[in-house]
Each structure stands twice: as structure tokens, then as C-alpha cells.
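# Architecture and fold: a report
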Amino acid sequence: MGGERVADFETLFDEYGDKVYGLAYRLMGNRDDAMDISQEVFVKIFRNLKAFKGQSTLATWVYRITYNTCMDELRRRKIKQVSIADKSDLADDNTPVEEIYEADERKEAVHNALYKLDDDQRAIIVMRDIQGLSYEEIAEVLQCPLGTVKSRLSRARLNLKEILKDYMELFNEAGV
Amino acid sequence: MDCDKVKELLPLYIDGGLSDDESKAVSEHLADCPQCMAEYEQLKNIAAACKDLGFPDPPSGYKQRMTAVVEEDAKKRRKGMFGAAAAVIAAALLIFISVSSIGDGNVAMDETASTAQYAGEIAESQPPQNQAASGSDVSTGDEWKAVSDAAGASAETPQSGYKADQSAPTEETTDTGEGTGQDLAIASADAQQRKIIKSAYLSLETENFDNTVNSIIGRATALGGYVSNSEYNNRSEGKRTAHIEVKVPQQSFEQYLSDMGGYGKVVEDRRSGQDVTAQYIDTETRLKMLRIKEQKLMDLLSKAETLQDMFTIQDQLTNTQIEIERLTGDLKRWDDMVDYSTAVIDIYEVAEIEPEPEDNPNIWKRIGKAFVDSINAIGRFFEGFIVFLFGAVPYLVLIGIVAWGVITFIKNRMRT
């Protein structure tokens, strides 16, 4: 790929619109936030499209903007929560858990478990196991060395398994 | 490879994130370790479940909403650009106005900046610099003349001067009172920035003439000062007089004057502080403009083509340089006068110091006078400040426009 220029909104949106929304949804955990984040991301993309010089692929650039926007928002909320009240149960209440949306029990368990992970660990599982980006692409999105991607992913998968240990019977046999 | 090590590697083994060697070792271990194999299956199944989760489809109207948002943002940014352009134009206008007014020799803009802190002066600091500079020359000269007149008179006819002093004790005390009021007003300003020429006139009576004269001179030298002028009159023994002018560094001046009481009886003490800050700044500004003019003339000179042009420019240049020298000299002289305060001291030998005239009855009068003076000084300050404020209105309006443009621009930026 490389530094191709996307001249108009149509082309870029057709290519990445769904992915931006999906990534934002999985990182934030609900549809309203996903919508807000997507808006912010597309505004940023079109403001900076001229400045995009193809140091990375357009795809990883778009994902990086999405990822950073989500992380900024999550960080902001955490600060807000701390400053409003340092009750930990309040913080738990605010953890974005989607209304029962996943029909399948196994999916629901995974979905809920994901939001018990740290934000950056969830992000790496989302990008690798849900979105299917390669290690190298993830390293570019996160702007970090490949080794960091691997160690973070490794820790994230172990943590996820730990969170899901009560539901283990769902995962003992090969997938449905 | 043991189980712990394998369990550590498994999370990356499931999707080929290990090196070939590690991967091979883990495969071999898994073949005969059912426990690790179970763990591997779990990890793999969780990853598969994640994959099943996938990305949800965006809601209907997603594309329309994104398109609308992006277009609206683009419109807003164009407006933002307009705001920024307006701000730039306003700023340019402001600079133009200020530069052209300086060019005209009207230093209102500079004054605004530098006199903001002592607005009391601005009302009188508006005349063209030429006049201001020479005006201050005159006033300085006047003061000097006054001082030396007084001194000269008493030196020539010590008796009559002395008598006059004696015959008007009330006048003296009011003088002192006025000095206090002025001191207060001066002290309230920023002493660091202000250019104040301090001077004092004292007359002393002493029974021990030689000692007093030596102490006065010695003390001045000790404080880093010097005697700039002195006259002695020894015509009649027992009634000798001396007229001494000393220069003392300003920071030690008050100290010096207060020491005088120890050398004799102070029968007269007049102090004055002439504030030349406004003239000083005027002259500085004018000097700055002249230097620019000089530079421009030199540039022109190097480009002059005809001999006629060259002579004309050279004439101009010479005049400019003479003027620069003159103003530089003025500044230097002011600096010197500010750095070194002047004390003019007349010393009279007396056979016996007269007992202190009763001056207690006057203390209430003096307090009242000092109080009224202070109130007047404050009044003058605010008066000046209000004049300054109204004078600055046109600039404030312009600055307001610029600030508005910048704020609008920043707000537009922030909102997105």
C-alpha cells in the first residue's frame, strides 16, 4: 500500500467507515460512544489528510487516530471520576457494559470480560483477535516496538483467560 | 521445557507469535502434556470467540451523519480562517498606527507603555521632546541657580543671610513639612525606575568650625562622594563661614543628610527631588528615532548616485549625528545627576549655639500640612491616571478588536 492519496470523503469512508466505528465500539463498549468517537475521528482525518504523507499506511494511520481518540476519552473519564468522587463502586458503575446485545452466551461472556481488562490490554486484544491486524500493523498503530506488542498481547490474553475462568466450560471444546 | 515456561509462551503460540525454535519446543511439550494442551485449547477458543464477536455494523444513517459532521467542521474552519485573517489585519493596522505616530515624533504609544505605571506624569509629558528636553534643562538650571543664589548670598553676606534665616523660623518649618510630603509622594512611586535628581540645602551653626568642616567633607568621602565646590571665609575669627557643595551617591544621600545633625546645629534644611523620568524617556525615544534615521541616511548615502544627492544626505547625516550626541550627553548628564545627589551646605561659626527654639507648638501644624500634602499627591495621581485612561481609549478599542478576533479563532479551534 503506502502513501496513496484519498481525494474525497466517499472513497475513504467506504474503505474505513465501518472499521472506525467497529474499533471505537469495541474499545468504548457502547454504541453512543462509538458514534461520538467516530465523528471526532473523521473530523480529525479530514483536517489532517493533507498532512498525511504516507509515513505509514493509510489504514494504520486511520486506526491510530481512532485508537488515540478512544484512549484520550477513556483517560478523561477516569480523571473526571476520580475528581467527582473516589468511590470505587461508582467507577464500576460507569464501566461501559453494553446492554445485552450478544445473543450467544459465549460471546456475551467474552464481551463482558473485555471491559474488565485494562484499556490498553483490551485495545490489543481487539486489534489482534477481533480485527485481525498483524503484529506489525499493531506496532504501527500503537507507535511502539514489536516486542512491546507481543508482551502486552501475551499478558492481555492470560488476563482475559483469568477473568473468564468461571465460564471455562464454554471454551473447553473447539469453537461452535 | 517445563510447564511454567510453556504456559508463559502459550498466549503467543496460538497465533504464531513465537520464534521457530520456541514454537517447536512448545509443540513438542504439548504432545505429551495434557494439562498444557487443555490450557492451549482454552486460549485458542477464547481468541476464536473474540474473532466471532467481530465488529458490529454501524447504525443506519451513520454515513449521512459523518458526512454532515465533516462538512460542518470544514465550514467552521473556513470561518475560523476568516477570524484569524481579521485578527491579522487588525494587528497590522495597530502596528501601522503606532509606527506612524512614532515616526511623526509623537511618542504617545511608547509613553503608553512606559508611563502606565506612573500615570500621574502623562498629562504634562506630551509636549514635543525638543521642548521637553530643553524645558528640563531650564528647570534644572533654575534650581541650580536658586541653590547657588541662596548659597552665594549667604556666603557673601553671612550675617544678613543668617539673620534672614533666624527671622523666619516658621517658614523654615513649613519648608521641611513640604519636603516630607514630597518625599512621601516620591517614595510611593517605583524608586528603581524613576529618575530623580535629589538635592538638599543645609545651613549649620557650629562652635567648633574646623571640626565640623572636616567631618562634613570626611563623611562625604567615606560614603563615596566628593566635594565639587568649596569656599571659606576667614575674615573675622570667631565668625568664619564655609560654603561647601558635595556630591554623594544617591543611595547614601539620606544617610549623609541625617548625619549632619551630629556636626552642628542644623538651622536650615531644604530638600528637593526633581523627577526627570518623563523627559528622560522622551529623550531616549527621540534618540532611538534619530539612530534609526541615521541608519537610514547611511543606507541612502551608500546608494546616492549624484554628487548633489550625496552632499544633501551628508548634511542631513551630520545634523542628525550632532543631535544624537547632544541627546546622549543629556542622558549622561541626567544619569550623573541622578546617581550623585547634591548637598549644598553653609557652615557658620558661632560663639555659642542658641538654645533650640520651641517648635512643639508647630507639630500639629506640620502633621496637618504633611497630611494635606499627601492627600493632594494622591489626588494628583488619580487625576493623571484618569487622563491617561481616557487618552488610551482609542488603543484599547483596537486591542479589544484584536483580542476578540484571537479569542474567536481559539474558540473555534477548541470547540472541535
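Below is a summary of the structure that appears in this document.

About the criteria used
- Residues numbered from 1 in each chain as written.
- Chains lettered and ligands numbered in written order.
- Predicted model: local features only at pLDDT ≥ 70, side-chain atom pairs only at ≥ 80, totals over all residues.
- Helix = DSSP H or I, 4+ residues; strand = E, 2+ residues; numbered from the N terminus.
- Expected span 1.5 Å × (residues − 1).
- Buried ≥ 20, exposed ≤ 12 C-beta atoms within 10 Å, placed from the backbone.
- Pairing = 2+ DSSP bridges.
- Axes fitted to C-alpha atoms, helices over the stretch in contact; angles between N-to-C directions.
- Contact = placed C-beta atoms within 7 Å.
- Parallel < 35°, antiparallel > 145°, perpendicular 65-115°, else oblique.
- Nonpolar A, V, L, I, M, F, W, Y, C, P; charged D, E, K, R; others polar.

Below, the discussion takes up helix 11 (residues 277–303) of chain B. In this model helix 11 of chain B runs 39 Å from its N-terminal to its C-terminal C-alpha over 27 residues, within 8% of the 39 Å that 1.5 Å per residue would give. Listed in full, the buried residues belonging to helix 11 of chain B are Thr277(B), Ala278(B), Gln279(B), Tyr280(B), Ile281(B), Asp282(B), Thr283(B) and Arg286(B).

To continue, consider the sheet that holds strand 1 (residues 196–206) of chain B. All names here are of chain B. Pairing within the open sheet is mixed, and its five strands lie in the order 2-3-5-1-4. Since the sheet does not close on itself, it has two edges, and those belong to strand 2 (226–233) and strand 4 (265–275), each with one partner. Direction aside, the axes of adjacent strands within the sheet are offset by 10° on average. As judged from the nine bridges shared by strand 3 (residues 241–249) and strand 5 (residues 340–349), these two strands associate in the antiparallel manner. Its bridge partner being in strand 5, Ala242 is matched across the sheet by Ile347. Across the sheet, helix 10 (residues 250–259) lies against strand 1, strand 3 and strand 5, angled at about 140° from strand 3, the strand it touches most.

All names here are of chain A. Direction vectors running N to C along helix 6 (residues 119–130) and helix 8 (residues 146–163) enclose 100°, while the axes themselves pass 9 Å from each other. In terms of orientation, helix 6 and helix 8 fall into the roughly perpendicular class. Packed against helix 6, whose contacting residues are Asp120, Gln121, Ile124, Ile125 and Arg128, the element helix 8 presents Val149, Arg152, Leu153, Arg155, Ala156, Asn159 and Leu160 at the interface. For the contact of helix 6 with helix 8, a count of residues per class yields six nonpolar, two polar and four charged.

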